[in-house]
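# A look at the structure
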Amino acid sequence: MEWVEKTARTVDEAKDFLLDQLGVDEQETEFEILEEPKPGLFGRTKGQARVRARVKPKTPPSRDDRRRRPSKTKDRGGNNGAKPESVGPEPKKAPADDTASPKRNDSAKRADRPERDDSERLPSDVARTEAIAFLQGLLDAFEMTASVAVEIDEEGNLIAAIDGDGLGRLIGPRGGVISAIEELTRTRLQHAASGGSTPRFKLDIGGYRASRRANLELLVDDVVLLVRDTGQPHILDVTTAAERKLVHDRVAETAADLRTHSEGDDPVRRVVLSPA
Amino acid sequence: MSESGSTARAEAVLSHVVTAIVDQPEAVKVSTDSGREPTRIDIEVGEGDMGRVIGRRGRVANAIRAVGRAAAAADDVDVDVEFVE
């Protein structure tokens, strides 16, 4: 997976930009801070923040099996001795592993880094059970009756749907509440993973996200025609990172002659379509 | 069922959400101060759990506030949600 880099006034600003550009959730992103601004006079800062980020590579099953993978205890012996090359029952290596292996081979480096093993991923079925319990409990607390379904997709990520009548309150103005519920469910899963990574989690309520997506695609298609006609850039009123990602993707797929970029700072960040 | 003007539903929602994401669920206390305008709901969490309920750049705290307000709005109450350690 490619690294993308951003220089900005603050580290957080750079991170926000990069998250936006990658279009994924923070927990799925790996950041490296290359340069931090130094504190200057009167609370001002000198220099700029330079941060790079990439989507965390799909990690192969972990060798460090402290939790939850009782079937793989065989591998554990290979961990302490520094003889990584001889580990026999190594599962098929994903290409992404290549970048990680030099680090792993350096046992000294491993030792002084307190273990926060990101390759320890919360199993999808465990995450699914946690997500259902959390969402069901939330509906009960809201005194609402609705169905909760969570599917596991082919990559082991979770696709959740809450369906029923009168769910508008759970969606909220501009989808603010559905996003909050999604964020909190992710937080719940992260907590359940106790330091490990988690499957990705997506939530739809009453088909809101699906219809929003369809409408947004129609809107983008209209704006594509408009920009082609006028030859002028057009600003789209799209406020969430996920939706901006959708716009970037849609234009990239359907209109190779146009370009997109984001402008401004949250909460008024927008996507601009312009002629190439 | 909770009644109009009551924060029972919002308290139940907040309590569910917060206990699910902290290390010390037993230390979570949710209470309402109706003497203020808007009504204020305080969420008390155990020592060391404040970081979890705030989250990076306040993302988790904002999400908690959003669901708490949505639950209170179901009973026609406008609330502020604050965190205390």
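Refer to the structure presented above.
The present account deals with the structure reproduced in this document. Note that this is a predicted model, so its numbers are computed, not measured. (Residues numbered from 1 in each chain as written. Chains lettered and ligands numbered in written order. Predicted model: local features only at pLDDT ≥ 70, side-chain atom pairs only at ≥ 80, totals over all residues. Heavy atoms only, no water.)

### Some words on the overall build of chain A
- Scanning chain A from N- to C-terminus turns up nine helices and 11 strands.
- Expressed as a percentage of the 276 residues in chain A, the buried residues total 38%.
- Of the contacts formed within chain A by residues at least 6 apart in sequence, a portion of 61% connects residues at least 24 apart.
- About 15400 Å² of surface is accessible on chain A, with carbon and sulfur atoms providing 51% of the total. (Helix = DSSP H or I, 4+ residues; strand = E, 2+ residues; numbered from the N terminus. Buried < 20%, exposed > 50% of the residue type's maximum accessible area, 1.4 Å probe, protein only. Contact = heavy atoms within 4.5 Å. Areas by Shrake-Rupley, 256 points an atom, 1.4 Å probe, with all protein chains shown as cover.)

### Observations concerning helix 3 (residues 59–73) of chain B
- The terminal C-alpha atoms of helix 3 of chain B, which comprises 15 residues, lie 21 Å apart, in line with the 21 Å expected from a rise of 1.5 Å per residue.
- By the criterion of burial, helix 3 of chain B is predominantly enclosed, with 11 of the 15 residues buried. (Expected span 1.5 Å × (residues − 1).)

### Re unusual backbone geometry
- Following Glu-37 of chain B, the chain continues to Pro-38 of chain B via a peptide bond in cis, the omega torsion being -5 degrees.
- You will see that Ser-194 of chain A, though not glycine, has its phi angle at about 30 degrees, which is positive.

### Considerations on the interface of chain B and chain A
- Counting residues at the interface gives 24 residues for chain B and 23 residues for chain A.
- Both sides together, the interface formed by chain B and chain A hides about 2100 Å², and carbon and sulfur atoms give 60% of it.
- In this structure, the connection of chain B to chain A is made through four salt bridges.
- Between Asp-12 of chain A and Arg-57 of chain B there is a salt bridge whose closest N-O contact spans 3.5 Å.
- Here chain B is connected to chain A by nine residue pairs in polar contact (both at pLDDT 80 or more).
- For the side of chain B that touches chain A, the secondary-structure elements that each account for two or more residues are helix 1 (8–21) and helix 3 of chain B.
- Element by element, the count of residues in the side of chain B that touches chain A is highest for helix 3 of chain B, at nine residues. (Buried area = accessible area lost by both parts, 1.4 Å probe. Salt bridge = Lys/Arg side-chain N within 4 Å of Asp/Glu carboxyl O. Polar contact = N/O pair within 3.5 Å; in protein donor to acceptor, adjacent residues only side chain to side chain.)

### Quick look at the packing of helix 5 (residues 124–142) of chain A against helix 1 of chain B
- In the contact formed by helix 5 of chain A and helix 1 of chain B, the axes pass within 8 Å of each other and the chain directions differ by 165 degrees. Between helix 5 of chain A and helix 1 of chain B, the interaxial angle falls into the category roughly antiparallel. As for how helix 5 of chain A packs across helix 1 of chain B, the hand of that crossing is right-handed. Of helix 1 of chain B, the residues touching helix 5 of chain A (which contributes Ala-133, Phe-134, Gly-137, Leu-138, Ala-141 and Phe-142 of chain A) are Arg-9, Ala-12, Val-13, His-16, Val-17 and Ala-20 of chain B. (Axes fitted to C-alpha atoms, helices over the stretch in contact; angles between N-to-C directions. Parallel < 35°, antiparallel > 145°, perpendicular 65-115°, else oblique. Left-handed = near helix turned anticlockwise from the far one by under 90°.)

### Description of the packing of helix 7 (residues 176–192) of chain A against helix 1 of chain B
- The N-to-C vectors of helix 7 of chain A and helix 1 of chain B enclose an angle of 35 degrees; their axes lie 8 Å apart at closest approach. Residue-level contacts link Leu-184, Thr-187, Arg-188 and His-191 of chain A of helix 7 of chain A to Val-17, Ala-20 and Ile-21 of chain B of helix 1 of chain B.
- When grouped by side-chain class, the residues that make up the contact of helix 7 of chain A with helix 1 of chain B number four nonpolar, two polar and one charged. (Nonpolar A, V, L, I, M, F, W, Y, C, P; charged D, E, K, R; others polar.)

### With respect to helix 5 of chain A
All names here are of chain A.
- For helix 5, which comprises 19 residues, the first-to-last C-alpha distance of 26 Å matches the rise-based estimate of 27 Å (1.5 Å per residue) to within 8%.
- Every buried residue of helix 5 is accounted for by Ser-124, Ala-127, Ala-131, Phe-134, Leu-135, Gly-137, Leu-138, Leu-139, Ala-141 and Phe-142.
- Once helix 5 finishes, Glu-143 follows within two positions and takes phi at roughly 60 degrees, a positive value.

### So, the packing of aromatic side chains
All names here are of chain A.
- Taken as a whole, this structure holds zero aromatic pairs over all chains when the rule is applied.
- Over the face of the ring belonging to Phe-17 we find Lys-6, whose NZ or CZ atom lies 4.1 Å from the ring centre.
- Over the aromatic face of Phe-31 sits the side chain of Lys-15, whose NZ or CZ is 4.9 Å from the ring centroid. (Phe/Tyr/Trp six-rings, centres within 6.5 Å; stacked < 30°, edge-to-face > 60°. Lys NZ or Arg CZ within 6 Å of the ring centre and 35° of its normal.)

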